[in-house]
Amino acid sequence: MGITHANSITTEPSPSPRPPLLRLLPQPRRRRHAHAKHIALSTNCKCASAASASVEEDDVAGGLGYRHPPKQIQEILDVPPNPSYLISPRRDRIMFLQRTAMPPLSELTKPEIVLSSIRIDPGSNMRSRMSFYTGIIVHDLMDSGTLGPAKEVHGYADGAKINFVTWSPDGQHMAFTVRYEDKVDNSVNLSLWVANAESGEARPLCISEDIRLNAIFELFVWVNDSTVLVCTIPSSRGCPPKKPLVPFGPRIRSNEHKNVVQMRATKEMLKDLHEEELFDYYATSQLILLSLDGTVKPIAPPAIYTALDPSPDEKYLMLTSVHRPYSSTVSYKRFPKKVELWTVDGTFIREVCDLPLAEDIPITSGSVRKGKRLISWRPDMPSTLYWVEAQDGGDANVEVSPRDIVYMELADPLNGEKPQVLLKLDLRYRRISWCNGSQALVYEHWYRTRRTRTWVISPDCKDVSPRVLFERSSEDAYSNPGSPMMCRTPAGTFVIAKIKTNYEGTYILLKGKGATPKGSIPFLDLLNINTGVKERIWESSKEKYYESVLALMSYNPKCEIQLNHLKLLVSKESRMEPTQYYIKAWPDKTQVQITNYSHPYPQLALLQKEVIRYQRVDGVKLTATLYLPPGYDPSKDEPLPCLIWSYPGEFKSREAAGQVRRSPNKFARIRSNFPLLWLARGFAILADPTIPIIGERDQEANDR
């Protein structure tokens, strides 16, 4: 099932980049019939997938409409997926988001406009072909680890499509959008709703017909417990610009200065001045502050806002926007970008940066944009910014030390204070996990060598020198120490949870997938951040089940958790049993099951699964997962047609290429964009056999 992780919340499932599987696969062998049959590409009228299906002559004669896939395929595709989940900030509630199996064809046939790699539904002024939820169920999390009675969020009409679901910082409300299809003019009514977490009662947050939402980029964000910052369509916007009968002028490209610009293959970029006008028209937003009592206050001038970031202390807003001049060779992500600071009451503070158009970023891995990048709020401070600046001009081919510098400064610096240098890095900066003023973990990486380092820094203690906590190859799955468990603060940000023990030192928790030569065994380690000493306090079953730590359920405003009071959300599955969720509590490590999902496709409950290992001619050890249909006996039955589903991967070493990164105990989830559903048609499936492309030493993987 699809998971929406509490520590990295995303409410919109991402579409798969792979092409629809059913367009590609051949038919299995069929028995001959006395009369001819036709093989046709067909589409399930209840879904967006297409399948090869044999159709009776009289069925074909009945019309040229859509065709259902074979019954065995349809029975699998029509099974609704298990709900996604979102945990409340205080860890006292959990909501389950219900979904449909497949979007209707009407969702895919609506008109759309593609501008600068963005697919836009002009009827709703949002991204086109978005997945959606159909319902929200809320449970209280009891002290015993069990779930309280289900409360269905209600108030909207049947048939609503729900998106952008978020908790308020205090967990007392949920905000989300509701949209309905208008059968008359094919337009969409998109509105912002808020629901009471205690009663489940929902209502539209703004009832004014003059306020329409703009969901092309970030739609809304909670500023505090009772106010959201919302992107709306400017009231002055009229009809969309029409394409002129005569072009504005010829499309001219020149390189008189003979600049070397390396570009990867791109498509669907802005083609002419008319498309630039359309981009302005659909992407420009007017920001408003919308309170739960219905109060509306415009803030900042209209612009193409791509990110809205309130400060943890709820005093400032960091607004990111893009502006002209646009480009016909790169997407909006490389357009000129401006970052500004405003107060929540609408006062402009300052411009943090205004970056020029970035068409000249080298395609070499590790190259980045010039100037300030990855500007963020420190999650452990009231209103402190941090960012990174490349010292190599963003070009990974330039040899320089340091390569990146991490800076930090107050939102409104006093007495002209200059930014503070937080850390100088010789590799490329990746991210920071903040703990508190005395601890933070900084990650750097260099793709060419696959080196990765984790630094321990003391951001507010100038007399403490940074030190390396881990240094390893990013390809070496066996040595991966895992990632820190995060705790949510009262401000709604995430910081590393500090674990209180009876020992001296600062302790944190590291969770990892636990790759081993015998398969993945997820783990949880207690790490002394001062000494680097680790103690394994939990790991998954090795024989039958695959268990994984998902989120920290203990709550403390200071994010300091007693080890004996540790409470976690974990998942548990096996080859035959679907994923269920449990609350695991220390010190006894008892666990309480909070879901009881049935097998989604019982007809394949007895499918056979095996992780196999074999050796390539050049000696590289490879792995794959072999799936066989239920009841198949290779010693008695005929050979099966086998579908091989894979994609090559790049490695710097043979040893890393041969490591096992999968588990034989994981449940076989069947998705429409993955070939396991063809087990129902009698195929054998060899899934994800490793196809390593190895570039050792100074060689790159694809250079020979």
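An unreviewed UniProt entry annotates the chain as Dipeptidylpeptidase IV N-terminal domain-containing protein originating from Oryza glaberrima.

(A) Region of interest: helix H4 (residues 273-283). For H4, the tally of buried residues reaches 8 of 11 residues, placing the bulk of the element in the interior. Where H4 is concerned, the buried positions are His274, Glu275, Glu276, Leu278, Phe279, Tyr281, Tyr282 and Ala283. On its buried face, H4 is in contact with strand S5 (113-115), strand S6 (118-121), strand S16 (285-291), strand S17 (296-310) and strand S18 (316-322). The residue sitting at the N-terminus of H4 and contributing the capping side-chain oxygen is Asp272; that oxygen lies 3.1 Å from the backbone nitrogen of His274.

(B) Fine view of the sheet that holds strand S25 (residues 428-436). Across the sheet, 4 strands lie side by side as S25-S26-S27-S28; this open sheet has antiparallel pairing. Edge strands, defined here as strands with exactly one partner in the open sheet, are S25 and strand S28 (467-473). Adjacent strand axes in the sheet meet at a mean angle of 15°, parallel and antiparallel pairs treated alike. Pairing geometry for S25 and strand S26 (residues 439-446), over 7 bridges, is antiparallel.

(C) Layout of the pairing of strand S10 (residues 161-167). By the criterion of burial, S10 is predominantly enclosed, with 6 of the 7 residues buried. By the bridge criterion, 5 bridges tie S10 to strand S11 (residues 173-181) in an arrangement that is antiparallel. Within S11, the residue paired with Ile162 across the bridge is Val178.

(D) Spotlight on the pattern of salt bridges. Within this structure, the stated rule accounts for 33 salt bridges. A salt bridge links Arg453 to Glu444; the nearest nitrogen and oxygen atoms lie 3.0 Å apart. As far as the burial class goes, Arg453 and Glu444 line up, both buried. Residues participating in the shared-partner salt-bridge network are Arg373, Asp392, Glu399, Arg403, Asp404 and Arg428.

(E) Looking closely at the packing of aromatic side chains. Enumeration according to the criterion identifies 16 aromatic pairs in this entry. Judged by centre distance (6.3 Å) and plane angle (50°), the rings of Tyr503 and Tyr507 are tilted. Classification of Tyr507 by relative accessible area gives buried; the value is 11%. In this structure an aromatic cluster arises from ring pairing among Tyr156, Phe176 and Trp193.

(F) Representation of the layout of surface pockets within the structure. By volume, the second largest pocket is sized at about 740 Å³. Lining the second largest pocket are 27 residues, with Arg251, Ile252, Arg253, Lys271 and Ser328 sitting closest to its centre.

(G) Structural detail: the sheet that holds S18. Reading across the sheet, the 7 strands line up as S14-S15-S16-S17-S18-S19-S20 and stay open at both edges, with antiparallel pairing between neighbours. Of all the strands in the sheet, the pair left with one neighbour each is strand S14 (220-224) and strand S20 (348-355). Pairs of neighbouring strands in the sheet enclose a mean axial angle of 35°, with direction left out of account. Relative to S20, strand S19 (residues 337-343) runs antiparallel, the two sharing 6 bridges. Its bridge partner lying in S20, Leu341 is registered against Arg350.

(H) Looking closely at empty space enclosed by the protein. The full count for this structure, using the stated rule, is 1 cavity of 30 Å³ or more. The wall of the largest cavity is formed by Glu107, Leu108, Lys110, Pro111, Glu112, Asp121, Ser128 and Arg129. For the lining of the largest cavity, the residue count by class is 2 nonpolar, 1 polar and 5 charged.

(I) Broad picture of the environment of Glu218. Here Glu218 shows up in the loop between strand S13 (202-204) and S14. Sequence separation between Glu218 and Leu308 is 90 residues; the distance between their C-alpha atoms is 7.0 Å. When near neighbours in sequence (up to four residues on either side) are disregarded, Glu218 contacts Cys231, Thr306, Ala307 and Leu308. Only 2.9 Å separates the side chain of Glu218 from the backbone nitrogen of Leu308, close enough to count as a polar contact.

(J) How the structure looks around the side chain of Thr623. Of note, Thr623 is situated in strand S42 (residues 621-628). Engagement of the side chain of Thr623 in a polar contact is seen with the side chain of Arg662, the distance being 3.4 Å. Non-local contacts of Thr623, meaning those with residues more than four positions away in its chain, are made with Ile612, Arg613, Tyr614, Val660, Arg662, Asp688, Pro689 and Thr690.

Here is what the cut-offs are and how they apply
Residues numbered from 1 in each chain as written. Predicted model: local features only at pLDDT ≥ 70, side-chain atom pairs only at ≥ 80, totals over all residues. Heavy atoms only, no water. Buried < 20%, exposed > 50% of the residue type's maximum accessible area, 1.4 Å probe, protein only. Helix = DSSP H or I, 4+ residues; strand = E, 2+ residues; numbered from the N terminus. Contact = heavy atoms within 4.5 Å. Polar contact = N/O pair within 3.5 Å; in protein donor to acceptor, adjacent residues only side chain to side chain. Pairing = 2+ DSSP bridges. Axes fitted to C-alpha atoms, helices over the stretch in contact; angles between N-to-C directions. Salt bridge = Lys/Arg side-chain N within 4 Å of Asp/Glu carboxyl O. Phe/Tyr/Trp six-rings, centres within 6.5 Å; stacked < 30°, edge-to-face > 60°. 1 Å grid on protein atoms, 1.4 Å probe; cavity = no way out; pocket = protein on both sides within 12 Å on 5 of 7 lines; lining within 4 Å. Points joined across faces, edges and corners; volume = space filled by probe spheres on them. Nonpolar A, V, L, I, M, F, W, Y, C, P; charged D, E, K, R; others polar.

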